[in-house]
Amino acid sequence: MAQGATVSETPVRRTIQVTSPATGARLGEYPACDREAVAGAVARAREAQRTWAALGFAARARILRNVRDRFVDEKDRICDVVSGETGKPRHDVITNELLFLCDAIGFWAKRAEKYLADEPARPHLLKNKRVYVSYLPHGVVGIIGPWNFPFNLTIGEAIPALMAGNAVVIKPSEVTPGSAVLGAELARAAGLPENVLQVVTGYGETGQHLIELADMICFTGSVATGRKVAERCGQLLKPVTLELGGKDPMIVLRDADLERASSACVYGGLANAGQVCISVERVYVEAPIYDAFVEKVVEKVKQVRQGPPEAGVVEVGSMTFPPQIDKVERHVQDAVARGAKVLAGGKRRTDLPGLFFEPTVLVDVDHQMDVMRDETFGPVIPIMRVGDEEEAIRLANDSRYGLDASVWTRDLARGARVARRVQSGAVCVNDVMVNYAVTEVPMGGWKESGIGYRHGKGGIRKFCAQQSVVIDRFGMKSEINWWPMTAGKVKLFRRALDFFGSGWRRKLFGA
Ligand code: NDP
């Protein structure tokens, strides 16, 4: 298909200028890869994939463990680049990008072979066949990543794809391309064969080219772009997984441990300046504990330190993406205009040069407000009083999203019961966001939060095509359903069909 038919007609931009969102300093320039460049990368990946797949699980695992060592050795350099591009504190890069990623490398290196081993099946009918399911790499996986965790959601996403025997081409966000570029460069230096993991930097158009050319697409980002990606993959009949936004509810029941719940609320709402798809985006608190809970949250939010990465230890950095801070401001202004009260923060920091929005607590909020309906993706905690558990569940489910949620109660059976009724791909009881670190179980969204999962068995099988293999065991000259058809065979089949009817069963078993 011609390039112009599938790629938007905006003027071609040949480079990306990257600046620090915390200070405005210029960080670097990267090429905006056109179709030819993406096609070149995919062709090289396709070539390299054959040898990579042929290496087998043990050899791939050994190489990826070397890559992990390299990431550990180069953690300061990685912190410089990731923190520089995103404006997040350096310790956040260690805890929320590198620790997860290094753990995930070990996880997939150890379990990939087991998860992707041929799976035997025992046919209930055709006992003369040997049957199994194979999981075979798609070939070239295209990963399109966002800017909020630019190392983990690009290089980290690539790890199970690589362990499955694919080659990977990453298209990172235009806002944070340097993180994936550095990750791929370090992986190569650690012994990952050339062209097995490549990065094509660029704008949305580069992502569109990758969709055309790769064999499978793994996308993380917004619902709006995810929809476009899914549409195009649908037209091309290409496998795709989408991890999109969330509007994750926190339900605090009257018997909750308020100390723990309020600390979790502050961390879950403000970590990474709220730019986390599984962050606490809205809070529902049962009336009897509402005032005490709000008081604790406000007190703790006011103690949070905010500033650029260079400012020493701060908990909250800048926002990353310029349009994002406008969106956060719009949500807060909309809420205030409709009657919400600001108990902490509420506006941009004007004393700092970068994209800083004050850690904010809102009360007197309701579901007419954008801040309770659309993904805010910023350091804003809107808290709503509810009459009881039923109302909390109803409001939690009044959302087009369903990625993550949390329930807070000292009664664990009650927590599990409420969790079951929340429409969400994951629910934590007395914890927040922690399911991301539980690599054994699937993480994915219901409703508009996405299609498909990362983590767990399915988190690596998605990078494979399934193949069912049926092998005849006895090698007879013919099978009963093969031709020539005879009157005897027809009679036999008719009797076999009758067996499925209830008349036979009644006669035989009286039921
Ligand atoms: P997008 O969904 O627009 O971008 C995600 C990735 O897709 C980027 O690499 C982007 O490239 C690329 N892309 C953009 N257009 C296309 C296209 N037509 N085809 C293929 N790839 C494309 O997210 P934004 O960065 O614009 O963030 C907007 C909102 O998304 C945020 O406000 C937040 O609500 C949500 N979000 C959710 C995330 C999550 O973890 N689920 C992560 C980040 C954002 P480029 O950056 O060059 O445009």
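First things first, this report covers the structure right here in the doc. (Residues numbered from 1 in each chain as written. Predicted model: local features only at pLDDT ≥ 70, side-chain atom pairs only at ≥ 80, totals over all residues. Heavy atoms only, no water.)

**Overview of the packing of aromatic side chains**
Threshold: Planes of paired rings set the category: under 30 degrees apart is stacked, over 60 is edge-to-face and the rest tilted, where pairs are Phe, Tyr or Trp rings (Trp by its six-membered ring) whose centres lie within 6.5 Å. Relative accessible area decides the class of each residue, using a 1.4 Å probe on protein chains only: under 20% of the type maximum gives buried, over 50% gives exposed, and in between gives partly exposed.
Tallied over the full model, the rule gives eight aromatic pairs. Here the aromatic rings of Trp108 and Tyr115 are separated by 6.3 Å at their centres, their planes lie at 70 degrees, and the arrangement is edge-to-face. Each of the two residues, Trp108 as well as Tyr115, counts as buried. Between Phe499 and Phe500, the ring centres sit 6.4 Å apart and the planes meet at 70 degrees, which makes this aromatic pair edge-to-face. According to the relative accessible area criterion, Phe500 is exposed, its value standing at 64%. Linked through ring pairs, Phe107, Trp108 and Tyr115 together constitute an aromatic cluster.

**Description of helix H15 (residues 412-421)**
Operational definition: By the criteria applied, helices consist of DSSP H or I runs no shorter than four residues and strands consist of E runs no shorter than two, each listed in order from the N terminus. What the arc measures is the spread of directions leading from the helix axis to the C-beta atoms. In what follows, residue pairs with any heavy atoms lying within 4.5 Å of each other are defined as contacts. Think of a polar contact as two N or O atoms within 3.5 Å of one another; within protein, one of them needs to be a possible hydrogen donor and the other a possible acceptor, and neighboring residues in sequence only count if both atoms come from side chains.
Along H15, the residues that are buried comprise Arg414, Gly415, Val418 and Ala419. Around the axis of H15, the buried residues are gathered within 140 degrees of arc, so they sit on the same side. The outward face of H15, more than 90 degrees from its buried face, is lined by the exposed residues Ala413 and Arg420. Those residues of H15 hidden inside the fold are in contact with strand S10 (249-252), strand S11 (282-286), helix H14 (389-397), strand S15 (406-408) and strand S16 (428-429). Measuring from the backbone nitrogen of Ala413 back to the side-chain oxygen at the start of H15 gives 3.1 Å, which picks out Asp411 as the cap.

**Observations concerning the site of the ligand**
Note the cut-off: We call a residue near a given molecule or strand whenever any one of its heavy atoms falls within 4 Å of it. Here the Shrake-Rupley method, with its probe set to 1.4 Å, supplies the accessible areas, and only the displayed protein chains count as covering residues. Three residue categories are used. Nonpolar comprises Ala, Val, Leu, Ile, Met, Phe, Trp, Tyr, Cys and Pro, charged comprises Asp, Glu, Lys and Arg, and polar comprises the others, including Gly.
The immediate surroundings of the ligand are formed by 30 residues, with Trp147, Glu174, Ser222, Gln324 and Glu375 found nearest. In the complex, 89% of the free accessible area of the ligand, which totals 870 Å², lies under the protein chains. Those elements giving two or more residues to the shell around the ligand turn out to be helix H8 (204-213), strand S8 (216-220), helix H9 (223-236) and helix H12 (322-337). The dominant element in the shell around the ligand, judged by the number of residues it contributes, is H8, at four residues. Its residues assigned to classes, the shell around the ligand comprises 12 nonpolar, 13 polar and five charged.

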